[in-house]
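These are the residues of each chain, in order.
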Amino acid sequence: MISSFSTFGGDIITIITRINWGWKLVIQGGGMMCRQNDRSLTAVFVVLAFAASLLPGSSHAANLFLPYETHETGSCAEAVAIGDLDNDGLNDVVVATPGYGWDPDNDNRIHVFLQQESGELAFSGKYGVAPAYSPFSVDIGDLNNDGKNDVIVALNGNIGVFLQNDMGTLDPVVLYPTRLSSTRVRIGDFNNDGLDDVVSIDWGAQSHDVEVFLQNISGTLNPRVTYIVKHGGYDDLEVGDVNNDGLDDIIVMSGQGYDVDNLGILLQNTSGTMEGPFYYDLLIDENTSGVAVGDVNENGLQDVVVTYSYNIGVFFQNESGTLDPVVSYPSSGQPTPVEIGDVNWDGKNDVLTAGGDVLEVHLQSDGELPTYELYPIPYNSLYKPHSLVIGDLNNDGSNDVALASCGSGLTVLYANTSPAPDIKANGKDGLVTVRESQPVTITVSVEPHASAGMLYDCWIGAKASSSLYWFTPPDVWVRSEVPVSAGSYELFDLPPTPILERTLPRGSYRFFFILDGDPNGKLDDMTGKDFVDVTSTY
């Protein structure tokens, strides 16, 4: 073990301990793949540009999703759902566009985008809802028990069913009347017979109706059965098991009026009807905007998540089959739609919401949702409650995100399956400030995502003043204006591993970690990258 060090002005710096990388090192010609004499000057400028392009103090780079792509729908897209709509085993997308009068060719339509074998989405066709109008909500399920997914939409005075046919297209809409109007629909099994049923709610200021349409053995929907749950307008609707009895329950979120509780729940009983309602509230004068159901604390019980101003709130389900008082976590702004799913490959459900021009991702950690990452999306003054959905849209086994918005149509953020390098100073991201007498520990880790077992070049460096330094395993830092490789590795999970532990002279430092997907010993493909800034003071 070494106890004294040269400063970052020296040619070589040796770290305090040797490390065990836990990766498979590729040996060529008796040594690590470095090939320093092969590198072009371009690589130097690439590194310098990377280091200069990230502002000091920026938070840890969010890298779960690639930049968004858009698909035009015309009109104003307000709702989206994911499911297999041509019976090929791949997830497709349906987008609903209500009519606001400025685009008659696309108003009052649903638009279908089919996933291709290449993993891309291609527009397949659009279907009208006439003589009804205003499809404000959409969902996908098997509504005639033929093993194929169908589409349900909320309409004025009706719900509308588009049955999938043997050609992989949708038949004309079949209407089932509601008492007044339908603004939200969801699919679930509400009498525990194994068949998909439909639940619909009206605009809360118009009525408190919750209408259930049970599927019968002939493959149609029975006339509505009406339950009453108070909701005030700008409402949302979700389905899930919120008392842990294995049966689908109905969750109604009220979005307007402080005199109405934020949540009203109908619990399914063993006779195939609904009991309740049972109400829950934030206990503050705040209107909720969206609702989702899923296990977000890893106890196997489904919880209820709501959005409201600058917060997401979680009503955790307890072992008695009720919901605990809300636990709130900060949000970046005014989120509306909310969905639950695993988006970082750790087997834990995360929470996603959208508002303004950002997708907000709250990653679950130890049963909490302590932090969030932000991803740019097209600006929308109000993303509607059913405008966000999660699912695999390119058949790579990872969850992608689809949004519906006015002006942009369908927006898709594909999961970034490239490996995610992470570098920290004293266990922290962003800007870390220390005293020059305080030791600093720099660690690196890797989440391989879909790249597990693939070969990558590894580059770990530091920029101090005008000099560049490069880490070479197991324990050496080399000053060089020409990049020096840390080796080529088959990627697997690498837990936080120290590469430097020492005091730093006063000054500013940027440590960066780059994974190069073209393993040729040249820094020419920054597949994944991360950085951390350190300021050493008196």
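- Under an unreviewed UniProt entry, the name given to the protein is VCBS repeat-containing protein, and the organism recorded is Abyssobacteria bacterium.

## Observations concerning the overall build of the protein
Moving on, step 1. A tally of helices and strands in the protein yields 1 helix and 41 strands.
Moving on, step 2. Counting every position in the protein, which comprises 538 residues, the buried fraction comes to 55%.
Moving on, step 3. Intrachain contacts of the protein at a sequence separation of at least 6 include 55% that bridge at least 24 residues.
Moving on, step 4. A total of about 21,500 Å² of accessible surface is found on the protein, and carbon and sulfur atoms cover 50% of it.

## Quick notes on the state of the cysteines
Moving on, step 1. Under the definition given, this model contains 1 disulfide.
Moving on, step 2. Here Cys 76 is linked by a disulfide to Cys 406, with a sulfur-sulfur distance of 1.3 Å. Here Cys 76 and Cys 406 share a disulfide; its torsion about the S-S bond, -40°, makes the bridge left-handed. You can see Cys 76 sitting in the loop between strand 5 (69–71) and strand 6 (79–83) and its partner Cys 406 sitting in the loop between strand 30 (400–405) and strand 31 (409–413), a full 330 residues away along the chain.
Moving on, step 3. For Cys 76, a relative accessible area of 1% puts it in the buried group.
Moving on, step 4. The partly exposed category is assigned to Cys 406, whose relative accessible area is 29%.

## What about the packing of aromatic side chains?
Moving on, step 1. Overall, the coordinates contain 11 aromatic pairs when judged by the stated rule.
Moving on, step 2. For the ring pair Trp 459 and Trp 470, a centre distance of 6.4 Å and an interplane angle of 80° mean the geometry is edge-to-face. Of the two residues, Trp 459 sits in strand 35 (residues 455–464) while Trp 470 sits in strand 36 (residues 467–472), which places them 11 residues apart along the sequence.
Moving on, step 3. On the accessibility criterion, Trp 459 (0% relative accessible area) is buried.
Moving on, step 4. What links up through ring pairs into an aromatic cluster is the set Phe 471, Trp 477, Tyr 509 and Phe 511.

## Focus: the sheet that holds strand 32 (residues 420–425)
Moving on, step 1. Pairing within the open sheet is antiparallel, and its 3 strands lie in the order 32-34-39. Every interior strand has two partners, whereas the edge strands, strand 32 and strand 39 (494–502), have only one. Sheet twist, expressed as the average angle between the axes of neighbouring strands with direction ignored, equals 20°.
Moving on, step 2. One ladder, built from 6 bridges, connects strand 32 with strand 34 (residues 440–447); its direction is antiparallel. For Ile 423, the partnering residue across the bridge sits in strand 34 and is Val 444.

## A closer look at the sheet that holds strand 24 (residues 311–315)
Moving on, step 1. In space, the 4 strands of this open sheet follow the order 22-23-24-25, with antiparallel pairing throughout. The open sheet has two edge strands with one neighbour each: strand 22 (290–294) and strand 25 (327–330). On average, each strand axis in the sheet is tilted by 25° relative to the strand beside it, whichever way the strands run.
Moving on, step 2. One ladder, built from 4 bridges, connects strand 24 with strand 25; its direction is antiparallel. Looking at the pairing, Val 314 lines up with Val 327 of strand 25.

## Concerning the pairing of strand 11 (residues 150–155)
Moving on, step 1. Here strand 11 lies mainly inside the structure; 6 of its 6 residues are buried.
Moving on, step 2. Here strand 11 shows no split at all, with Asp 150, Ile 152 and Ala 154 on one side and Val 151, Val 153 and Leu 155 on the other all buried.
Moving on, step 3. Across 5 bridges, the pairing between strand 11 and strand 12 (residues 158–162) is antiparallel. Paired with Leu 155 across the two strands is Asn 158, which belongs to strand 12.
Moving on, step 4. What sits between the antiparallel neighbours strand 11 and strand 12 is a turn of 2 residues, in which Gly 157 has the positive phi angle 75°.

## Regarding the nonpolar core
Moving on, step 1. Core analysis: the biggest nonpolar cluster contains 29 residues, and Ile 442, Trp 477, Phe 511 and Val 534 have the highest contact counts within it.
Moving on, step 2. Top element by residues in this core is strand 35. It accounts for 5 residues.
Moving on, step 3. Ranked by size, the runner-up nonpolar core spans 19 residues in total, among them Val 112, Tyr 127, Val 151 and Val 153.

## What about the pattern of salt bridges?
Moving on, step 1. As enumerated under the stated definition, the model contains 11 salt bridges in all.
Moving on, step 2. Residue Asp 146 pairs with Lys 148 through a salt bridge whose shortest N-O separation is 3.3 Å.
Moving on, step 3. With relative accessibility at 10%, the residue Lys 148 sits in the buried group.
Moving on, step 4. Salt-bridge contacts for Arg 186 lead to Glu 238; the nearest nitrogen and oxygen are separated by 3.6 Å. Of this pair, Arg 186 sits in strand 14 (residues 184–188) while Glu 238 sits in strand 18 (residues 236–240), and the two are 52 residues apart along the sequence.

## Digging into the side chain of Asp 197
Moving on, step 1. Mapped onto the fold, Asp 197 is located in strand 15 (residues 197–201).
Moving on, step 2. Within the buried core, Asp 197 has no salt-bridge partner, and the shortest N-O distance to an opposite charge, that of Arg 186, equals 15 Å.
Moving on, step 3. Here Gln 215 takes part through its backbone nitrogen, which lies 2.7 Å from a polar atom of the side chain of Asp 197.

## Side note on unusual backbone geometry
Moving on, step 1. For the peptide bond that leads from Ala 130 to Pro 131, omega is 10°, which places it in the cis range.
Moving on, step 2. Within the secondary structure, Pro 131 sits in the loop between strand 9 (121–128) and strand 10 (137–141).
Moving on, step 3. Its identity as a non-glycine residue notwithstanding, Asn 395 has a phi of 60°, on the positive side.
Moving on, step 4. Among the structural elements, Asn 395 can be located in the loop between strand 29 (388–391) and strand 30.

## Comments concerning the side chain of Thr 353
Moving on, step 1. Relative to the assigned elements, Thr 353 resides in strand 27 (residues 350–362).
Moving on, step 2. Polar contacts involving the side chain of Thr 353 include one to the main-chain carbonyl oxygen of Pro 337, which spans 2.5 Å.
Moving on, step 3. Residue contacts for Thr 353: discarding those within four places in its chain leaves Thr 307, Pro 335, Thr 336, Pro 337, Val 338, Val 358, Leu 359, Glu 360 and Leu 388.

## A few points about the environment of Glu 117
Moving on, step 1. Relative to the elements of secondary structure, Glu 117 occurs in the loop between strand 8 (109–115) and strand 9.
Moving on, step 2. Along the backbone, Glu 117 and Asn 395 are 278 residues apart, and their C-alpha atoms lie at a distance of 8.3 Å.

## Concerning the environment of Phe 65
Moving on, step 1. Among the secondary structure elements, Phe 65 is positioned in the loop between helix 1 (41–53) and strand 5.
Moving on, step 2. C-alpha separation for the pair Phe 65 and Tyr 375, spaced 310 residues apart in sequence, amounts to 7.6 Å.
Moving on, step 3. In this view, Phe 65 contacts Val 343, Leu 352, Leu 359, Val 361, Tyr 375, Asn 399, Asp 400, Val 401, Leu 413, Tyr 414, Ala 415 and Asn 416; residues no more than four positions away in its chain are not counted.

The rules behind each value
Residues numbered from 1 in each chain as written. Predicted model: local features only at pLDDT ≥ 70, side-chain atom pairs only at ≥ 80, totals over all residues. Heavy atoms only, no water. Helix = DSSP H or I, 4+ residues; strand = E, 2+ residues; numbered from the N terminus. Buried < 20%, exposed > 50% of the residue type's maximum accessible area, 1.4 Å probe, protein only. Contact = heavy atoms within 4.5 Å. Areas by Shrake-Rupley, 256 points an atom, 1.4 Å probe, with all protein chains shown as cover. Disulfide = S-S within 2.5 Å. Phe/Tyr/Trp six-rings, centres within 6.5 Å; stacked < 30°, edge-to-face > 60°. Pairing = 2+ DSSP bridges. Axes fitted to C-alpha atoms, helices over the stretch in contact; angles between N-to-C directions. Core = buried A, V, L, I, M, F, W, Y, C linked by side-chain atoms within 4.5 Å. Salt bridge = Lys/Arg side-chain N within 4 Å of Asp/Glu carboxyl O. Lys, Arg positive; Asp, Glu negative; His and termini not counted. Polar contact = N/O pair within 3.5 Å; in protein donor to acceptor, adjacent residues only side chain to side chain.

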